[in-house]
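# Structure assessment
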4 protein chains.
Amino acid sequence: MTRTDPAAPERPSTTVRVRFAETDQMGVAHHGSYVAWLEAARVEWMRHRGLSYRAFEEGGLSMAVARLDLRYRAAARFDDEVAIACRLTALKSRHAAFAYELRLPDGREVASAVTEHVPTDRTGRAVRLPAGWRDALASFLQDEAAYPRDRIGARRAAAR
Amino acid sequence: MTRTDPAAPERPSTTVRVRFAETDQMGVAHHGSYVAWLEAARVEWMRHRGLSYRAFEEGGLSMAVARLDLRYRAAARFDDEVAIACRLTALKSRHAAFAYELRLPDGREVASAVTEHVPTDRTGRAVRLPAGWRDALASFLQDEAAYPRDRIGARRAAAR
Amino acid sequence: MTRTDPAAPERPSTTVRVRFAETDQMGVAHHGSYVAWLEAARVEWMRHRGLSYRAFEEGGLSMAVARLDLRYRAAARFDDEVAIACRLTALKSRHAAFAYELRLPDGREVASAVTEHVPTDRTGRAVRLPAGWRDALASFLQDEAAYPRDRIGARRAAAR
Amino acid sequence: MTRTDPAAPERPSTTVRVRFAETDQMGVAHHGSYVAWLEAARVEWMRHRGLSYRAFEEGGLSMAVARLDLRYRAAARFDDEVAIACRLTALKSRHAAFAYELRLPDGREVASAVTEHVPTDRTGRAVRLPAGWRDALASFLQDEAAYPRDRIGARRAAAR
């Protein structure tokens, strides 16, 4: 399940609790477990803005994932609460991209990620985003000045 | 993530939101997805009673699953909130059992389950429950009069 | 992926290699990982008999899982090859059941299981099995004399 | 389970059969399912060269994933056989990288990927690769002239 933090309206984050099933024999959350967390964070990001991804799917459309780029920086462990900050970073009629930062309660970054998406219909064919969705998403496209890529890049460099 | 309902102290339930990754091409939550939900519900059931399963594991012990019996009654779908009521139904020094009821917000039962557990050490050998855990769990063993097996059986029969 | 052993035509088994992603922090295959293995074994059991579950699904039908009963006897570990023997144990127009035995290469039983199924259409409504499938499956229904339930029960008792 | 194609010694590929549990309600293999396939392909790549990742793990070491970059080009569906060609593309004492191409039997590319790894000990601390592993891996480092990045880049461009 997911929880959206109402105290952070501008950059709300979704929190997931690491499940035992999501760990591996290294004693940490398996790197594949993060994929479902990003997905849940996207859905909650939409819900928080009045957009129902469930309704989008029920209308016969999907935001198919065209790319997933995940960088792991520290381990998340069983029972950890991982906060996932999500933002829309690019939007065209046939393309959207989100960026993510995953942090532990003490602020440590466990991972960052980028996903790229293509709207598709039920047959898997790429289609244009419906005007309603495109306009709504456009209003949530993050101002690059507010969250510049460079800042994320700098943070990444510092984490090494 | 999980959420425990504070308004139901006697029979608190954990809620999971069905993730997109948990669906299958039948358009419903895959039957295997439920296993991690039961597990999360057990962990929350313990947390709600002051018991940390994380600490149990960090102490080198596990509650290994010896049996999993899941009965599916109705479909759970993407984005559904599934409430999982959990109760401890049996407890011995080397054995414990939990029962579960999974319901949608409208009260429909989607599944019920039983899991049986054996305490094990790091090598996988069956061991006795530590006295502290045994005593604590014993105080939460559900009164059979309060939640008789028959009642669950009757409900099952009625659902067919 | 799966591999069917051609040297055992009467009781062919499907083999899965335990993936790293399927382990948990106890250092063994997570108990939830077995669910997908049973499913793969059913699909291979059908393929071995000329039945395509893919075609069944493409025809708008599913063999929805109504019950899953898994008993864990020994740990399977990362990279272990687990052989899954599968047999059809019950068949009616609206119900089918399979039994499974999961073994390591040295013969040790890691788990046994039973799954019960209900044929459903795309809306999830229970339907009758198409005649072609029912007749084909009927010819593969295991003779109880050949594989009596008691024998499995006896083996279970012996394993304790 | 995995199968390594003995007919392609220079660039052997591992094949996975898409499990039903790996599909999602879009009717295709969920994008998160690919992560375990890449992992299985790495393990088979090593096995094919006489390297046991199981022994590596049993020796207290892991090749922790530091980055996962997956590009999805076409859908893989339930029951499809996906061949995964894997090659080691970078190797230092504290870093290794693999590249992957995932194809359907008809040759269509479903995805390509890169993973980057850091050797770690049981505490998660980055360590140097043991000399034996480093030397063995070094002998399998792919000649860039043989499999130039540009070629993959060109193929990507052509697929769009």
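Here the structure is shown first, and the text comes after it.
All figures in this text were calculated on a predicted structure; none of them were measured in a lab.

What chain A contains, in helices and strands, is four helices and six strands. Going from the N terminus to the C terminus, chain A shows its helices and strands as β-β-α-α-β-β-β-β-α-α. Counting over 160 residues, chain A shows a buried share of 55%. By sequence separation, contacts in chain A at least 24 residues apart represent 65% of the contacts at least 6 residues apart. Put simply, chain A shows about 6,600 Å² of open surface, and 51% of that area lies on carbon and sulfur atoms.

Here we take up the relation of the copies chain C and chain A. In the superposition of chain C on chain A (RMSD 0.0 Å, axial shift 0.0 Å), the rotation amounts to 180°. In short, the pair behaves as if placed about a two-fold rotation axis. Comparing contact sets, 100% of the residues at the interface of chain C also lie at the interface in chain A, consistent with an isologous, same-surface contact.

Okay, the relation of the copies chain B and chain A next. Note: a rotation about an axis with an accompanying shift along it relates these two copies of the chain. In the superposition of chain B on chain A (RMSD 0.0 Å, axial shift 0.0 Å), the rotation amounts to 180°. Of the residues that chain B buries at the interface, 100% are likewise interface residues in chain A, meaning the two copies contact each other through the same surface.

Tallied over the full model, the rule gives 36 aromatic pairs over all chains. The structure contains a cluster of three or more aromatic residues connected by ring pairs, namely A:Phe20, A:Phe78, B:Tyr53, B:Phe56 and B:Trp133. Lying across the ring of C:Phe140, C:Arg49 places its NZ or CZ 5.5 Å from the centre.

It is worth spelling out the pairing of strand 4 (residues 81–92) of chain D at this point. Residue and element names in this part refer to chain D. Of the strand pairs in this sheet, strand 2 (residues 13–17) and strand 4 are connected by five bridges, and their pairing is antiparallel. Residue pairing across strands places Ser13 opposite Ala85, the latter belonging to strand 4. Sheet analysis places strand 4 next to strand 5 (residues 95–103), joined by nine bridges and oriented antiparallel. When the bridges of strand 5 are listed, Ala83 appears paired with Arg103.

Here helix 1 (residues 33–48) of chain A contains 16 residues, and its C-alpha end-to-end distance of 23 Å stays within 8% of the 22 Å for a straight helix at 1.5 Å per residue. Backbone geometry just downstream of helix 1 of chain A places A:Gly50 in the positive-phi region, at approximately 80°.

If you look at the interface, chain C gives nine residues, while chain A gives nine residues. Buried surface at the junction of chain C and chain A, summed over both partners, amounts to about 840 Å²; 63% is from carbon and sulfur atoms. For the chain C face of the interface with chain A, the top three residues by lost area are C:Phe20, C:Gln25 and C:His30, together amounting to 60%. For the pair chain C and chain A, the interface holds zero salt bridges. For the interface between chain C and chain A, the tally reads four residue pairs in polar contact (both at pLDDT 80 or more).

This next bit is on the interface of chain B and chain A. Facing the 24 residues of chain B at the interface are 24 residues of chain A. In total, chain B and chain A occlude about 2,200 Å² of area from one another, counting both sides; carbon and sulfur atoms represent 53% of this. Of the charged contacts in the structure, one is a salt bridge between B:Arg19 and A:Glu22, with a shortest N-O distance of 2.8 Å. Taken together, the links from chain B to chain A amount to ten residue pairs in polar contact (both at pLDDT 80 or more). For the side of chain B that touches chain A, the secondary-structure elements that each account for two or more residues are strand 2 (13–17), helix 1 (33–48) and helix 2 (53–58) of chain B.

So, how was this worked out
Residues numbered from 1 in each chain as written. Chains lettered and ligands numbered in written order. Predicted model: local features only at pLDDT ≥ 70, side-chain atom pairs only at ≥ 80, totals over all residues. Heavy atoms only, no water. Helix = DSSP H or I, 4+ residues; strand = E, 2+ residues; numbered from the N terminus. Buried < 20%, exposed > 50% of the residue type's maximum accessible area, 1.4 Å probe, protein only. Contact = heavy atoms within 4.5 Å. Areas by Shrake-Rupley, 256 points an atom, 1.4 Å probe, with all protein chains shown as cover. Least-squares fit on C-alpha atoms with pLDDT ≥ 70 in both. Phe/Tyr/Trp six-rings, centres within 6.5 Å; stacked < 30°, edge-to-face > 60°. Lys NZ or Arg CZ within 6 Å of the ring centre and 35° of its normal. Pairing = 2+ DSSP bridges. Expected span 1.5 Å × (residues − 1). Buried area = accessible area lost by both parts, 1.4 Å probe. Salt bridge = Lys/Arg side-chain N within 4 Å of Asp/Glu carboxyl O. Polar contact = N/O pair within 3.5 Å; in protein donor to acceptor, adjacent residues only side chain to side chain.

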